Amino acid sequence: MAYDHPDAPKQFGIRLSEDTMKLVSEIQHHRQRTYQPITLASIVEDAIQCHYNRLVNEGAIKND
């Protein structure tokens, strides 16, 4: 979605790398398929949660 849009870097008023835009698009598609809100805040929260879970799984941080 966001990645395919011609104004994708401007969509949220910020510049993002190509890889990040692909991730944003995947999160948007997932949220759309599961009937969840597709807002910048929800996408950022999902991305942070995924990154946090990865850091916990790698043992880089403890799950409090």
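All of these numbers come straight from a predicted model, not from anything done at the bench.

J.: Report on unusual backbone geometry, specifying residues and quantitative values.
T.: Positive phi outside glycine occurs at Y35, with the angle close to 55°. A relative accessible area of 77% means that Y35 is categorised as exposed.

J.: Quick rundown of helix α3 (residues 40-57)? Include the residues and the values.
T.: Here α3 is 18 residues long and its end C-alpha atoms lie 26 Å apart, about the 26 Å a rise of 1.5 Å per residue gives. Downstream of α3 by one or two residues, G59 has phi in the positive range, about 80°.

J.: Explain the pattern of salt bridges residue by residue, including any values.
T.: Under the criterion given, the structure shown has three salt bridges. A salt bridge links K22 to E18; the nearest nitrogen and oxygen atoms lie 3.8 Å apart. Here K22 and its partner E18 are both found in helix α2 (residues 18-33), four residues apart, which amounts to about one turn of the helix. By relative accessible area, E18 is classed as partly exposed at 48%. Two residues, D46 and R31, come together in a salt bridge whose shortest N-O distance is 2.8 Å. Taken together, the positions of D46 in helix α3 and R31 in helix α2 put the pair 15 residues apart, joining distant regions of the chain. Classification of D46 as partly exposed rests on a relative accessible area of 23%.

Quick notes on the rules
Residues numbered from 1 in each chain as written. Predicted model: local features only at pLDDT ≥ 70, side-chain atom pairs only at ≥ 80, totals over all residues. Heavy atoms only, no water. Buried < 20%, exposed > 50% of the residue type's maximum accessible area, 1.4 Å probe, protein only. Helix = DSSP H or I, 4+ residues; strand = E, 2+ residues; numbered from the N terminus. Expected span 1.5 Å × (residues − 1). Salt bridge = Lys/Arg side-chain N within 4 Å of Asp/Glu carboxyl O.

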